[in-house]
Amino acid sequence: MSDDADEEEDAPAVELGERTPVEGAPLARIASRLEWPIQKSEVVRKEGDVTIRTPDGPQELGGVLDEVETTYFSRRQEFVDDVEDVVGTGPVQTS
């Protein structure tokens, strides 16, 4: 009986479809690697060459930050909000 319980625990709770690759890193992952507060120029220096996922396809974070007027992010959420104001929110394109 315990063998059946072990098998049920190993099986996913929800069946997943085929894996479709998504290019770029989630913005939340980038934001979690940084320490707050931080200057925009420091974000560009540390993470500017990273490709992020956006609804319009992958974009380089440095290019997105060029369009952000804020020069100093006091909180993580301020950074995320400013980036999302430029790239938008919603489902990301798959490859």
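Above this text is the structure in question.
Residues numbered from 1 in each chain as written. Predicted model: local features only at pLDDT ≥ 70, side-chain atom pairs only at ≥ 80, totals over all residues. Heavy atoms only, no water.

Draft legend 1. The arrangement of the pattern of salt bridges in detail. Taken as a whole and assessed by the stated rule, the structure comprises 2 salt bridges. The salt bridge involving Arg33 is made with Glu47; its shortest N-O contact spans 2.9 Å. Here Arg33, found in helix H2 (residues 27-33), pairs with Glu47, found in helix H3 (residues 40-47); they are 14 residues apart in sequence, far enough to count as distant. You can call Arg33 partly exposed: its relative accessible area is 44%. The class of Glu47 is buried, set by a relative accessible area of 10%. For the salt bridge of Arg45 with Glu42, the shortest nitrogen-to-oxygen distance reads 2.5 Å. (Salt bridge = Lys/Arg side-chain N within 4 Å of Asp/Glu carboxyl O. Helix = DSSP H or I, 4+ residues; strand = E, 2+ residues; numbered from the N terminus. Buried < 20%, exposed > 50% of the residue type's maximum accessible area, 1.4 Å probe, protein only.)

Draft legend 2. Representation of the environment of Trp36. Relative to the assigned elements, Trp36 resides in the loop between H2 and strand E1 (38-39). In this structure the C-alpha to C-alpha distance between Trp36 and Gln77, which are 41 residues apart in sequence, comes to 9.9 Å. Of note is the side chain of Trp36, whose polar atom sits 3.4 Å from the backbone oxygen of Leu34. (Polar contact = N/O pair within 3.5 Å; in protein donor to acceptor, adjacent residues only side chain to side chain.)

Draft legend 3. Quick look at the packing of aromatic side chains. According to the stated counting rule, one finds 2 aromatic pairs in the structure shown. Ring plane angle 40° and centroid distance 5.4 Å describe the contact between Trp36 and Phe79, whose orientation is recorded as tilted. Taken together, the residues Trp36 in the loop between H2 and E1 and Phe79 in helix H5 (residues 76-87) connect sequence positions 43 residues apart. When its relative accessible area of 0% is taken as the criterion, Phe79 is described as buried. Ring centres of Phe73 and Phe79 lie 5.3 Å apart, and the angle between their planes is 85°; this geometry places the pair in the edge-to-face category. With respect to class, Phe73 is no different from Phe79; both count as buried. An aromatic cluster of at least three residues, connected via ring pairs, comprises Trp36, Phe73 and Phe79. (Phe/Tyr/Trp six-rings, centres within 6.5 Å; stacked < 30°, edge-to-face > 60°.)

Draft legend 4. Structural detail: the environment of Pro37. Along the chain, Pro37 turns up in the loop between H2 and E1. Given the relative accessible area of 45%, Pro37 is considered partly exposed. Expressed as a C-alpha distance, the spacing of Pro37 and Tyr72, which sit 35 residues apart in the sequence, is 7.4 Å. Each residue touching Pro37, except ones within four places of it in the same chain, is listed here: Tyr72, Phe73 and Ser74. (Contact = heavy atoms within 4.5 Å.)

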